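# Architecture and fold: a report
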Amino acid sequence: MRIISGKYKGRRITAPKNLPVRPTTDMSKEALFNVLNNHYHFSELKVLDLFSGTGNISYEFGSRGCENITSIDGDVGCVNFIKKTAKEFDLNITAIKNDVFKFLEKHKATYDIIFADPPYGIAQKEFEKLIELVFQNELLDPSGMLVIEHSKRTKLDHMMHYSFEKNYGGSVFTFYELELESNEEEEIEETKL
């Protein structure tokens with residue numbers, strides 16, 4: 001696992017072999033951050049990293065100047081590894097051991113970017129529940145973006161606030177945005193005039 005860009009560009013991070021993870025590949029991660037780079041200034045972002053695993057995505061945000069990152073994972077080994085690595089790199093990452101769904105049900109803060117990389121094997125309805133919880137509980141900033149990483153077998157383009165998706169190898173990133181709705185409403189109003 002390698003940090004692609006920013007302050008720690010090129011630094012390798014070796015996670016313990018016994019963690020139950022499937023880190024996002026460097027190629028996929030680079031492509032994801034190319035998309036986000038076109039939308040955001042990283043230093044201003046408040047990020048929520050769900051199913052954070054080794055912390056791969058959190059470190060990338062931190063290396064690019066993001067100062068407010070919260071990482072959630074249900075595995076104590078993953079959370080301890082993120083805490084240890086964040087301290088080594090002096091990154092402002094708060095790692096919390098929690099069930100992601102329970103966290104989303106009770107949590108009240110809002111975020112500019114919410115990234116989720118659930119185990120590819122979870123059921124379609126679990127992916128859908130994840131998206132629903134984020135929007136029902138208003139966890140996304142109005143100009144924010146929800147990004148779900150999943151396999152090609154899982155289809156999520158029918159969900160509310162769907163914006164676009166990108167395919168990289170065996171992985172798909174599906175993006176959701178609140179502001180799409182207001183833009184579409186403005187276009188409808190303009191066509192009525």
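The coordinates are above.
Here we summarise the structure given alongside this text. (Residues numbered from 1 in each chain as written. Predicted model: local features only at pLDDT ≥ 70, side-chain atom pairs only at ≥ 80, totals over all residues. Heavy atoms only, no water.)

## Focus on the nonpolar core
- Counting residues in hydrophobic clusters, the biggest one holds 35 residues, and the most contacted among them are Leu32, Leu36, Leu45, Tyr59, Phe61, Val147 and Phe175.
- Sorting the residues of this core by element identifies α1 (26-37), α2 (56-63), α3 (76-89), β3 (93-97), β4 (111-116), β5 (140-151), β6 (162-168) and β7 (171-177) as the ones contributing at least two each.
- Broken down by element, the residue count for this core peaks at six residues, all from α3.
- If we skip the residues at most four places from it in the chain, Tyr59 touches Ile3, Ile13, Thr54, Phe81, Ile82, Thr85, Ala86, Leu91 and Ile93.
- One finds Ile72, Ile131, Leu140 and Met159 within the second-largest nonpolar core, a separate group that totals 24 residues. (Core = buried A, V, L, I, M, F, W, Y, C linked by side-chain atoms within 4.5 Å. Buried < 20%, exposed > 50% of the residue type's maximum accessible area, 1.4 Å probe, protein only. Helix = DSSP H or I, 4+ residues; strand = E, 2+ residues; numbered from the N terminus. Contact = heavy atoms within 4.5 Å.)

## Topic: α1
- Taking 1.5 Å per residue, 12 residues should reach 16 Å; α1 reaches 16 Å between its end C-alpha atoms and fits that length.
- Taken residue by residue, α1 has Ser28, Lys29, Ala31, Leu32, Phe33, Val35 and Leu36 as its buried positions.
- Residues of α1 that are buried in the fold lie against α2, β4, β5, β6 and β7. (Expected span 1.5 Å × (residues − 1).)

## Here's the deal with the sheet that holds β4
- One open sheet accounts for seven strands, arranged β3-β2-β1-β4-β5-β7-β6; its pairing is mixed. Lying at the two open borders of the sheet, with one neighbouring strand each, are β3 and β6. The average angle at which neighbouring strand axes cross in this sheet is 15°, direction not considered.
- Inspection of the sheet shows β5 paired to β7 by seven bridges, in the antiparallel sense. The residue bridging Glu149 from the neighbouring strand is Phe173, located in β7.
- Each of β1 (46-50), β2 (68-73), β3 and β4 touches α2; the most contacted strand, β2, lies at about 175° to it. (Pairing = 2+ DSSP bridges. Axes fitted to C-alpha atoms, helices over the stretch in contact; angles between N-to-C directions.)

## Some words on helix α5 (residues 124-136)
- Given a rise of 1.5 Å per residue, 13 residues ought to cover 18 Å, and the 18 Å separating the end C-alpha atoms of α5 matches this to within 8%.
- Listed as buried for α5 are Phe127, Glu128, Leu130, Ile131, Leu133, Val134 and Phe135.
- For α5, the elements touching its buried residues are β1, α4 (100-106), β4, β5 and β7.
- One or two positions beyond α5, positive phi appears at Glu138, with a value near 50°.

## Overview of the packing of α1 against α2
- Two numbers describe how α1 lies on α2: the axes approach to 12 Å, and their chain directions differ by 45°. Accordingly, the angle class assigned to the pair α1 and α2 is oblique. As for how α1 packs across α2, the hand of that crossing is right-handed. On α2, the residues that touch Lys29, Leu32, Phe33 and Leu36 of α1 are Asn56, Ile57, Glu60 and Phe61.
- When the residues that make up the contact of α1 with α2 are grouped by side-chain class, the tally is five nonpolar, one polar and two charged. (Parallel < 35°, antiparallel > 145°, perpendicular 65-115°, else oblique. Left-handed = near helix turned anticlockwise from the far one by under 90°. Nonpolar A, V, L, I, M, F, W, Y, C, P; charged D, E, K, R; others polar.)

## Here we look at the pattern of salt bridges
- In the structure shown here, the tally under the stated rule is five salt bridges.
- Of the charged contacts, one joins Arg64 and Glu60 as a salt bridge, the two residues approaching to 3.0 Å between their closest N and O atoms. Of the two residues, Arg64 and Glu60, neither departs from the other in class, the shared state being buried.
- The residue Lys129 makes a salt bridge to Glu105 at a minimum N-O spacing of 3.8 Å. You can see Lys129 sitting in helix α5 and its partner Glu105 sitting in helix α4, a full 24 residues away along the chain.
- Judged by relative accessible area, which is 31%, Lys129 ranks as partly exposed.
- Overall, the relative accessible area of 40% leaves Glu105 in the partly exposed class.
- A single salt-bridge network, built from bridges that share partners, covers Lys29, Glu60 and Arg64. (Salt bridge = Lys/Arg side-chain N within 4 Å of Asp/Glu carboxyl O.)

Keep in mind these values describe shape, not function.
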